[in-house]
2 protein chains.
Amino acid sequence: MQVFWSKGYKGTSLHDLTDAMGVSKSSFYEAFGSKHELFLAAIRRYEDTVVEGLVRFFRGAESGRAAIDAAFEKVVECAGAPDDRRGCFLVNCASEVSVHDPQAAARVREGLRRVEQAIHGAVVRGQEAGEIPGDRDAWALARYLATSLNGLRLRAKANPDRAALEDVVRITLSALE
Amino acid sequence: MQVFWSKGYKGTSLHDLTDAMGVSKSSFYEAFGSKHELFLAAIRRYEDTVVEGLVRFFRGAESGRAAIDAAFEKVVECAGAPDDRRGCFLVNCASEVSVHDPQAAARVREGLRRVEQAIHGAVVRGQEAGEIPGDRDAWALARYLATSLNGLRLRAKANPDRAALEDVVRITLSALE
DNA sequence: TTTTTACTGGACCAATCGGTCCAAAATAGC
DNA sequence: GCTATTTTGGACCGATTGGTCCAGTAAAAA
């Protein structure tokens, strides 16, 4: 997962993978079948760790609104960090291979859906707590926030200018007022 | 440009390029030097055509606000269309190679900056015309809109659900009220 | 200790990668 | 028609691609 995340699908060679795993080529094929199968497994793995972590974060937060704020703030904080330059694995997959790889595309969609769902939960709880206007469609807001979050990460990757990112976050979150 | 746009840098082979150009390998290297040089030229070409077209559109529009609305609406309209699945070439480059290719990254940043600048112009004219609240930082709004637009295209690529995209657009543009 | 299971490195595969070079052919200018 | 310039196809390069196969070895189970 880490290697695919850093170098993309096409940019990752078998050698890169066996090297990172510390495993022989023979064992690799015996265990995973092919590069592509491992790729799909890596996406699933990303869902089960990173996405799942985000989902838990939103679910476990006291305040829905605060959780949303924190998620956006984190993107700004991490901007420019070496590890952050990889961006979101799901987004990378969406833009690199999802056109020519229906299986990967399906997994990516599912992952993004889960994030959206988690945000939706936070929105609903925020509305119940009166932190977010209750007259708004919670799903629409969740879609908006998820899309904005991905856009923000993408921008952070292309140009990690904190001040500009702060601007974007401020205006984005003003939709929750 | 078209080939790189569709298949990405790593996903494009010399054969793909010479084939699309209808040119021999020898001529290719005589004319462009290397695959990478052509790639950089392709990004520049994208700027000079697609980005330039967008810039002209914003500059030539009567109403700044209407131009912004139209830009977002167009993303929704085009969602799901075969050609649209390629997404924005600059965004694709940002997420595929910009980490390991400083030259491409610089060009991509420049392209995104030009889009942002064009949007900024539309915002300013919208503010002068009273279509957009004048008390807001025009650059901050432009950054916000540009980021949202990229996020929207990305979402359209991963999941071309018109209704959901409409939701996102509506909320995004509500920041201009 | 013996047997079974797990894993190894490396030979091997055909195909393709980006890239170079050149003699021959097509095109252009005169 | 003749030269000068482009452009051509294709041979060739070493390296690498994803993938297969297997004899040998190390570890675990009997």
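None of these values were measured; they are calculated from a predicted model.

Peer 1: In this structure, what is going on with the overall build of chain A? I would like to understand it.
Peer 2: The secondary structure content of chain A amounts to nine helices and zero strands. In chain A, the succession of helices and strands from N to C terminus is α-α-α-α-α-α-α-α-α. Along the three orthogonal principal directions, the C-alpha set of chain A runs to about 60 × 30 × 30 Å. Sorting the 177 residues of chain A into buried and exposed places 43% on the buried side. At a minimum sequence separation of 6, the contacts of chain A that also span at least 24 residues come to 68%.

Peer 1: Please clarify how the interface of chain A and chain B should be interpreted in this entry.
Peer 2: By a widely used convention, the size of an interface equals the accessible area lost when the partners come together. If you look at the interface, chain A gives 37 residues, while chain B gives 37 residues. Every element with two or more residues in the side of chain A that touches chain B is listed here: α6 (89-96), α7 (102-128), α8 (138-158) and α9 (162-173) of chain A. When grouped by side-chain class, the residues that make up the side of chain A that touches chain B number 15 nonpolar, 13 polar and nine charged.

Peer 1: Would you take a moment to explain α8(A) for this structure?
Peer 2: For an α-helix, 3.6 residues make a turn, and residues three or four places apart therefore share a direction. Over its 21 residues, α8(A) runs 30 Å from end to end, which matches the ideal 30 Å to within 8%, given 1.5 Å per residue. The buried count for α8(A) comes to 18 of 21 residues, which makes it a mostly enclosed element.

Peer 1: Where do I start with the protein's contact with DNA strand C in this structure?
Peer 2: Taken together, 14 residues sit near DNA strand C, with Ser24(A), Ser26(A), Ser27(A), Ser13(B) and Lys35(B) positioned nearest. Within the residue set of the surface near DNA strand C, elements represented by two or more residues are α3 (25-32) of chain A together with α2 (14-21), α3 (25-32) and α4 (35-60) of chain B.

Peer 1: Sorry if this is basic, but what is going on with the protein's contact with DNA strand D here?
Peer 2: In the vicinity of DNA strand D there are 14 residues, among which Ser13(A), Lys35(A), Ser24(B), Ser26(B) and Ser27(B) approach most closely. Elements with a minimum of two residues in the surface near DNA strand D: α2 (14-21), α3 and α4 (35-60) of chain A together with α3 of chain B. Looking at the surface near DNA strand D residue by residue, the class counts come to three nonpolar, eight polar and three charged.

Peer 1: How should the relation of the copies chain A and chain B be read in this particular structure?
Peer 2: Once chain A is rotated about the relating axis by 180 degrees and shifted along it by 0.0 Å, it coincides with chain B to within an RMSD of 0.0 Å. The transformation just described matches what one would write down for a two-fold rotation axis. Measuring from the rotation axis to each C-alpha of chain A, the shortest distance belongs to Gly151(A), at 1.9 Å. Both copies contact each other with a shared surface, as 100% of the interface residues of chain A are interface residues in chain B too.

Peer 1: Even after reading the chapter, I still don't get the packing of α6(A) against helix α8 (residues 138-158) of chain B, so can you show me in this structure?
Peer 2: To characterise two packed helices, one gives the angle between the axes of the helices and the distance between these axes. Between α6(A) and α8(B), the least distance of the axes is 9 Å, while the angle of their chain directions is 70 degrees. It follows from the interaxial angle that α6(A) and α8(B) lie roughly perpendicular. Here α6(A) and α8(B) pass one another in a crossing that is left-handed. On α8(B), the residues touching Val91(A), Ala94(A) and Ser95(A) of α6(A) are Leu154(B), Lys157(B) and Ala158(B). Of the residues assigned to the contact of α6(A) with α8(B), the class counts are four nonpolar, one polar and one charged.

Peer 1: What's the story with the packing of helix α5 (residues 64-78) of chain A against α9(A) in this structure? I'm lost.
Peer 2: All names here are of chain A. Their axes nearest at 9 Å, the elements α5 and α9 cross at an angle of 165 degrees. Taken as axis vectors, α5 and α9 run roughly antiparallel relative to one another. Helix-helix and strand crossings are classified by hand; for α5 and α9 the assignment is right-handed. Residues Asp 69, Phe 72, Glu 73 and Val 76 of α5 touch α9, and the partners they reach there are Arg 162, Leu 165, Glu 166, Val 169, Thr 172 and Leu 173. Here the contact of α5 with α9 is built from residues that sort into five nonpolar, one polar and four charged.

Peer 1: Would you explain the environment of Leu173(B) in this entry?
Peer 2: The topology assignment puts Leu173(B) in helix α9 (residues 162-173). According to the C-beta neighbour criterion, Leu173(B) is partly exposed, with 16 such atoms within 10 Å.

Criteria and thresholds
- Residues numbered from 1 in each chain as written.
- Chains lettered and ligands numbered in written order.
- Predicted model: local features only at pLDDT ≥ 70, side-chain atom pairs only at ≥ 80, totals over all residues.
- Helix = DSSP H or I, 4+ residues; strand = E, 2+ residues; numbered from the N terminus.
- Buried ≥ 20, exposed ≤ 12 C-beta atoms within 10 Å, placed from the backbone.
- Contact = placed C-beta atoms within 7 Å.
- Nonpolar A, V, L, I, M, F, W, Y, C, P; charged D, E, K, R; others polar.
- Expected span 1.5 Å × (residues − 1).
- Near = placed C-beta within 6 Å.
- Least-squares fit on C-alpha atoms with pLDDT ≥ 70 in both.
- Axes fitted to C-alpha atoms, helices over the stretch in contact; angles between N-to-C directions.
- Parallel < 35°, antiparallel > 145°, perpendicular 65-115°, else oblique.
- Left-handed = near helix turned anticlockwise from the far one by under 90°.

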